[in-house]
Structures are given as C-alpha cells and as structure tokens.
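# Residue-level structural notes
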Amino acid sequence: MNKNVINLLIALVLVLGFVAFNSLFVIREGNVGIVTRFGKVVRTDGAQLNISQPGLHFKLPFVDRVRVLDARIQTLDSQADRFVTSEKKDLIIDSYVKWRISDPATYYLTTAGGNKMQAEDLLRRRITNSLRSQIGRLTIHEIVSGKEEQSLSSFDSQLNEDGENAIIGSSKRDEVMQNALRDIGQSATELGIDIVDVRIKQINLPPEVSSSIYQRMRAERDAVAKLHRSQGRQEAETIRAQADRDVAIKIAEAQRKGRSLMGQGDAEATRIYAEAYTRNPELFNFVRSLGAYREAMKSGNDVLVLGPDSEFFRYFDDPHGK
C-alpha cells in the first residue's frame, strides 16, 4: 500500500477520533447539563430545554456547548444583617439557607445562564425580606427566650461568655423558621430553586446597645461582689471578736488559777515556816541571819559601818547568838 494512502488513513482516523471525542460528554452524579448551540439553548420537540441528566450524552462537535449545573444541596451563608423588632429595637441576625436546583430550565433562564452568584444574590434578597417581616412581628424577649413573659434580665443571662451571642428561643425559632421557609420557598420556586432549610445561627445586639447592657451587667455583678465582701468582713469581725473574747477569758482564767496556786503556795510556805519556828525558834533565827549575811555580802564590795556588838552580828562571835 502506498505510503501516502497510509498517512491519509491515519490522519482520517485521528480526525474521526477527535470528532467522536468532542461529540461525547459525561454528566457526573449530582449535576445536570444544559446544551447550548451558537449561544442559544437547545430545546426538545416540545420547546422545552434539553436537560441532560447524569450519564453519557451526545452533542454536535465544535458547535454545542455544555453548561454543567451543580444540583446538589448548596449553602448560602449570608452576612449578619440588622433587623428591627416590633419594639423598634435593632438586632444583628446571622442566618444561612440550604437550597438546591429543582427546575434546571427555569434556574438557567432566570439566573443569566445558571450564574450561581446571581442566584444567591436573588435568594439573599428574598431571605432578608422574609426574615425582616418575621422578626418585625416579635419582641426581643420573644425572639431570644421563646417566651412572651420572659424579662430582659433573662435575655442578659442568655448571653454567651464572650458577651456577644444569644441563641434564639426554640419555640419562636421554629415559628420564624417555618414561616420564613414557607415565604422564601414560594418565591424561590420562580427561580427554579427548592429551599431545603432556613436557620438563624445567632443573634447579636448592636454595639451601642450591647455596651450599655454589659455595663449594667457589670454594675450588677459589682454590687453583688460588694455585698459578699461586706458580709465577709462582717463575718470576719464577728469571728475575730469571738476569738479575742475567748483568748481574754482563757488568759483571765489562767491568771486566776495562777494567783490561786501562788496564794496556796505562800500559805503553805508560811505554815511550814511557822511550824518550823515553833519547833526551834533559835534555829529559825540562825537560818534567817545566815540568809541576811549572804544577801548583804553577795557582791563582796559592800561596806557596813556597824558596831561589833550590833544585833546583826550576834551570830559571828557566838554560834548560839548570845
């Protein structure tokens, strides 16, 4: 076979393979596809958009383009926005929405060719309007506590440790969520979107309001702390006074017993001295004189000017004192 013919066949096979490759496209699970031809959507015989479900599909090569849309559940996490309650008070509410494409054809036509950013922007407006309508019917007490009779002090107690966030009460939360889900769901149908869930993540007070509330909470805590400190000081004074009283009583009792014992000792000593004196008065006088000599001459430098026949020295010359 001629070499040129072989090269021609190889080139033809490559071209056919390339054309076949561009004639096939795959839609993965969780997605849908919309085919456009020269910028216009390909429609079926019934003038409906040709929606390609997950699987292998054919298209005209180099002419048709496939727009793949994510049909899985999406999350629209809106930024916190300011809402006004029935009391004309502001709250900063942070919410999110779970949604998915329910009608790919309507979604494609209403969002400028399946533009997700435009779809979320349209959803965000509807969510804000619905929540604004629902929140505007409730008071702060009802929104935060879920109970109409709950006071503002209960609202303060439900603030988190960081002093910013309060979780909405369960009963009113369910009511608000159900109403918002119904309102948004009806309007979202026009976009070919199915709203799966609507949730409020947290409710914050505006900075100018939360600041005053935190100051009031701090003042209340300071008042409680001062009360506890004053009670503690009172208890301390009572305990200290009782301890001082007990100490004074014990010291007085000890001193009384000491004096009593000292008196008993002195009386006993006097009795012994008296008994000894009556038994031998001369020996008693001699012992007392020796004691007086010891005390008078203790330092060794004392000078006594006395006559030798003085009564003080009567035991010096005569042991019998005569």
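Okay, so let's go over this structure. Not measured: the values here are computed from a predicted model. Sequence positions are assigned chain by chain, starting from 1 and proceeding in written order. Residues qualify for local features only when their pLDDT is at least 70, as the model is predicted, and side-chain atom pairs are given and counted only at 80 or more; totals for whole chains, interfaces and linings, by contrast, use all residues. Values reported for side chains reflect all heavy atoms of the structure, with hydrogen atoms and water molecules removed beforehand.

### Concerning the overall build of the chain
Basically, it comes down to this: What counts as a helix is a DSSP run of H or I of at least four residues, what counts as a strand is a run of E of at least two, and both are numbered from the N terminus. Residue burial is assigned from relative accessible area. The probe radius is 1.4 Å, only protein chains are included, and a residue is buried under 20% of its type maximum, exposed over 50%, and partly exposed in between. We call two residues contacting when some pair of their heavy atoms lies within 4.5 Å. Each accessible area is a Shrake-Rupley result for a 1.4 Å probe, and residues are judged covered by the shown protein chains and nothing else.
The number of helices and strands found in the chain is nine helices and 11 strands. Counting over 322 residues, the chain shows a buried share of 29%. Pairs at least 24 residues apart make up 66% of the contacts formed inside the chain by residues separated by at least 6 positions. As presented, the chain carries roughly 21,600 Å² of accessible surface, and 55% of it is formed by carbon and sulfur atoms.

### Thoughts on the pattern of salt bridges
Condition: Whenever a carboxyl oxygen of Asp or Glu lies within 4 Å of a side-chain nitrogen of Lys or Arg, that contact is scored as a salt bridge.
Applying the stated rule across the entire model yields 14 salt bridges. Note that Arg-100 is salt-bridged to Asp-194, the shortest N-O span being 3.6 Å. Residue Arg-100 is found in strand β9 (residues 90-101), and its partner Asp-194 is found in strand β11 (residues 193-204); the two are separated by 94 residues along the sequence. In this structure, Glu-268 and Arg-271 form a salt bridge, with 2.3 Å as the shortest nitrogen-oxygen distance. With a gap of three residues between them, Glu-268 and Arg-271 both fall in helix α7 (residues 207-279), about one helical turn apart. With a relative accessible area of 37%, Glu-268 lands in the partly exposed category. Among the residues examined, Arg-271 registers a relative accessible area of 43% and is labelled partly exposed. Shared partners join several salt bridges into a network, and the residues in it are Asp-77, Asp-94 and Lys-201.

### Some words on the environment of Arg-67
What counts is decided by this rule: Polar contact is defined as a pair of N or O atoms within 3.5 Å, subject to the rule that within protein one atom must be able to donate a hydrogen and the other to accept it, and that residues adjacent in sequence are counted only when both atoms are side-chain atoms.
Here Arg-67 shows up in strand β6 (residues 64-70). Residues Arg-67 and Tyr-108 lie 41 residues apart in sequence; the distance between their C-alpha atoms is 9.3 Å. Setting aside its immediate chain neighbours within four residues, Arg-67 contacts Val-32, Gly-33, Ile-34, Tyr-108, Gly-113, Gly-114 and Asn-115. A polar contact of 3.0 Å, which involves the side chain of Arg-67, links it to the backbone oxygen of Gly-114.

### Quick notes on the nonpolar core
In plain terms, the rule: Residues enter a nonpolar core if they are buried and are Ala, Val, Leu, Ile, Met, Phe, Trp, Tyr or Cys, with the set joined through side-chain atoms within 4.5 Å.
Grouped together as the largest cluster of nonpolar side chains are 35 residues, with contacts concentrated most on Trp-99, Leu-123, Ile-193 and Ile-195. Among the elements of the structure, β2 (31-37), β9, α2 (104-110), α3 (116-135), α4 (140-145), α6 (170-188) and β11 are those that each provide at least two residues to this core. The greatest single-element share of this core, amounting to six residues, is contributed by α3. Here Ile-193 is in contact with Trp-99, Arg-100, Ser-102, Tyr-107, Ala-119, Leu-123 and Ala-188, once residues within four sequence places are set aside.

### With respect to the environment of Ile-92
Examined against the element boundaries, Ile-92 turns out to sit in strand β9. Overall, the relative accessible area of 17% leaves Ile-92 in the buried class. In this structure the C-alpha to C-alpha distance between Ile-92 and Pro-207, which are 115 residues apart in sequence, comes to 9.4 Å. Leaving out residues up to four positions away in the same chain, Ile-92 has contacts with Ala-80, Asp-81, Arg-82, Gln-202, Ile-203, Asn-204, Leu-205 and Pro-206.

### What about the packing of aromatic side chains?
This is how it is decided: Geometry of aromatic contacts follows a simple scheme: Phe, Tyr and Trp rings, the Trp one being its six-membered ring, pair when their centres are within 6.5 Å, and the pair is stacked under 30 degrees between planes, edge-to-face over 60, tilted otherwise. In our convention, an over-ring charge means Lys NZ or Arg CZ found within 6 Å of a ring centre and within 35 degrees of that ring's normal.
The final tally for this structure, using the stated rule, is one aromatic pair. Its end group placed over the ring of Phe-83, Arg-132 keeps NZ or CZ at 4.9 Å from the ring centre.

### Some words on the side chain of Gln-74
Along the chain, Gln-74 falls in strand β7 (residues 74-77). A polar atom in the side chain of Gln-74 sits 3.0 Å from the side chain of Lys-116. With near-sequence residues (within four places) excluded, Gln-74 lies in contact with Val-97, Lys-98, Trp-99 and Lys-116.

### Re a nonpolar patch on the surface
Note the threshold: Nonpolar side chains (Val, Leu, Ile, Met, Phe, Trp, Tyr) within 5 Å and like charges within 9 Å form the patches, drawn only from residues with over 30% relative accessible area and no salt bridge.
On the surface, a cluster of nonpolar side chains totalling about 360 Å² of accessible area is made up of Val-5, Leu-9, Leu-12 and Leu-16. Relative to the helices and strands, Leu-9 resides in helix α1 (residues 3-23). Overall, the relative accessible area of 44% leaves Leu-9 in the partly exposed class.

### With respect to the environment of Val-176
Tracing the backbone through its elements, the reader meets Val-176 in helix α6. A sequence separation of 23 residues divides Val-176 from Arg-199, and the C-alpha atoms of the two residues are 9.2 Å apart. If near-sequence neighbours (up to four positions away) are discounted, Val-176 is found in contact with Leu-131, Gln-134, Leu-138 and Ile-200.

### Let's talk about helix α8 (residues 281-296)
Applied cut-off: The span expected for a helix works out to 1.5 Å for each residue beyond the first.
The end-to-end C-alpha distance of α8, which contains 16 residues, comes to 22 Å, matching closely the 22 Å that a straight helix rising 1.5 Å per residue would cover. The complete set of buried residues in α8 reads Phe-284, Ser-289, Gly-291 and Tyr-293.

### Points about the side chain of Glu-120
Formally: Only four residue types enter the tally: Lys and Arg on the positive side, Asp and Glu on the negative side; His and the chain ends are excluded.
Here Glu-120 is to be found in helix α3. Buried charge without a salt bridge: Glu-120, with Lys-116 as the nearest opposite-charge side chain at an N-O distance of 4.2 Å. Sequence-distant contacts of Glu-120, that is, excluding residues within four places in its chain, are made with Thr-75, Leu-76 and Trp-99.

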